[in-house]
Amino acid sequence: MNSSAAMRSEALPPLNVLKLGSSGPVLVMLHGWGRSLEALRPLGELLATKYRIVLIDLPGFGDSPLPVAASNDGGGWSTADYCERIHAWLEEAGISRCILVGHSFGGRVSVRLSARYPKLVQALILIGSHGLKRERPFKQELRVAFIKGLVSLAKSIDGVFGSRLFKHYLAPHFGSTDYRAAGELRKTLVKTVSEDLSSEAQSIDIPTLLLWGEDDTATPLDLARSFHRLIRNSQLHIFPHKGHEPFEDAGAHLVANYIERFLSDQEACAD
């Protein structure tokens, strides 16, 4: 455990975990922002015939409580904090080798884990993952800069006069749906959405499968192609007419099939 995790060792929140399957390699599944392990459970149940599935509610989601203490700067947890919590649990559970499946926010955490602990992760599967900076049109960059300026000004005014311009005007008008719904995890959301994991992705040298929905608007295809370019040992598959959660409903069978085929190919190469 690194120094930042050690400093919070007594404050690590417990994790709600669901295990499926009784044999095969361990496959750890991490859900997206605002979701819980239940979102990936149907996919996990399909994969449990060949793998030992570990579904985890990330801290603050599902039945896992909020982090007891924030990061050292008091600004909420980063994906590095989430990474260390998952790593600590894996050590406690005696899991020294696993396959990671991360969807969206869980993909951010999975990228961190794969980069920091390459001996732990034997293969990585990212589904509609975020974590990279996107190129925005000039007009959009101007709009973002303008909003950031308004936010900074509003917070300064609130600090001086005790007003609530930011909370009552700017946040409801300009905040994303995730931001408005984040509640006590709002600082964590602000911290994690601004992270750029390009260097971490570039350092990953394990077999990686990238699965994306063609119609994903939350993590568009340019992110998939960027991950594919950065992770040298990666494969990209795009599902036509699928969105941000291609594993929903009947899509679970489709995604499970691609995951099983990918992992079978890795086992064949190892032999």
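Computed from a predicted structure; not experimentally measured.

1. Topic: the pattern of salt bridges
Thought 1: Summed over all chains, the structure comprises eight salt bridges.
Thought 2: Here arginine 35 and glutamate 245 are joined by a salt bridge, their closest N and O atoms 2.3 Å apart. Of the two residues, arginine 35 sits in the loop between β2 (26-30) and α2 (41-47) while glutamate 245 sits in the loop between β7 (234-239) and α11 (251-270), which places them 210 residues apart along the sequence.
Thought 3: With relative accessibility at 15%, the residue glutamate 245 sits in the buried group.
Thought 4: The residue glutamate 260 makes a salt bridge to lysine 50 at a minimum N-O spacing of 3.6 Å.

2. Overview of the packing of helix α3 (residues 79-92) against helix α4 (residues 105-116)
Thought 1: One can describe the packing of α3 onto α4 by two numbers: an axis separation of 9 Å at closest approach and a directional angle of 70°. Here α4 runs roughly perpendicular to α3, going by the angle between their axes. Considering the relative orientation of α3 and α4, their crossing is right-handed. Note on element contacts: α4 touches α3 through Phe105, Arg108, Val109, Arg112, Leu113 and Arg116, opposite Thr79, Ala80, Tyr82, Cys83, Glu84, Ile86 and His87.
Thought 2: For the contact of α3 with α4, the class distribution of residues is seven nonpolar, two polar and four charged.

3. Concerning the packing of aromatic side chains
Thought 1: Applying the stated criterion to the full structure yields seven aromatic pairs.
Thought 2: Residues phenylalanine 61 and phenylalanine 105 carry aromatic rings whose centres are separated by 6.3 Å and whose planes lie at 50° to one another, so their mutual orientation is tilted. Here phenylalanine 61, found in the loop between β3 (52-57) and α3, pairs with phenylalanine 105, found in helix α4; they are 44 residues apart in sequence, far enough to count as distant. We note that phenylalanine 61, like phenylalanine 105, is buried.
Thought 3: Residues tryptophan 212 and phenylalanine 227 carry aromatic rings whose centres are separated by 6.3 Å and whose planes lie at 40° to one another, so their mutual orientation is tilted. Here tryptophan 212, found in strand β6 (residues 208-213), pairs with phenylalanine 227, found in helix α10 (residues 221-230); they are 15 residues apart in sequence, far enough to count as distant.

4. Comments concerning the pairing of strand β4 (residues 98-103)
Thought 1: Of all the six residues making up β4, six are buried; the element is thus mostly covered by neighbouring parts of the structure.
Thought 2: Both faces of β4 are covered, namely the face carrying Cys98, Leu100 and Gly102 and the face carrying Ile99, Val101 and His103.
Thought 3: Where β4 lies against strand β5 (residues 121-127), six bridges are found, and the strand directions are parallel. Considered in β5, the bridge of histidine 103 is made with isoleucine 127.
Thought 4: In this region the chain leaves β4, passes through α4 and returns to the parallel neighbour β5; the handedness of that crossover is right-handed.

5. Notes on the nonpolar core
Thought 1: In this structure, Val28, Ile86, Leu113 and Phe227 are the most contacted members of the largest nonpolar core, which totals 44 residues.
Thought 2: Every element with two or more residues in this core is listed here: β2, β3, α3, β4, α4, β5, β6 and α10.
Thought 3: Tallying contributions element by element places α3 first for this core, with six residues.
Thought 4: Leave out the neighbours within four places in its chain, and valine 28 touches Val54, Ile56, Leu90, Cys98, Ile99, Leu100 and Val101.
Thought 5: The next biggest cluster of nonpolar side chains, apart from the first, holds 25 residues, and it includes Leu27, Tyr51, Leu55 and Leu211.

What counts and what doesn't
- Residues numbered from 1 in each chain as written.
- Predicted model: local features only at pLDDT ≥ 70, side-chain atom pairs only at ≥ 80, totals over all residues.
- Heavy atoms only, no water.
- Salt bridge = Lys/Arg side-chain N within 4 Å of Asp/Glu carboxyl O.
- Helix = DSSP H or I, 4+ residues; strand = E, 2+ residues; numbered from the N terminus.
- Buried < 20%, exposed > 50% of the residue type's maximum accessible area, 1.4 Å probe, protein only.
- Axes fitted to C-alpha atoms, helices over the stretch in contact; angles between N-to-C directions.
- Parallel < 35°, antiparallel > 145°, perpendicular 65-115°, else oblique.
- Left-handed = near helix turned anticlockwise from the far one by under 90°.
- Contact = heavy atoms within 4.5 Å.
- Nonpolar A, V, L, I, M, F, W, Y, C, P; charged D, E, K, R; others polar.
- Phe/Tyr/Trp six-rings, centres within 6.5 Å; stacked < 30°, edge-to-face > 60°.
- Pairing = 2+ DSSP bridges.
- Right-handed = clockwise from strand over helix to strand, strands pointing away.
- Core = buried A, V, L, I, M, F, W, Y, C linked by side-chain atoms within 4.5 Å.

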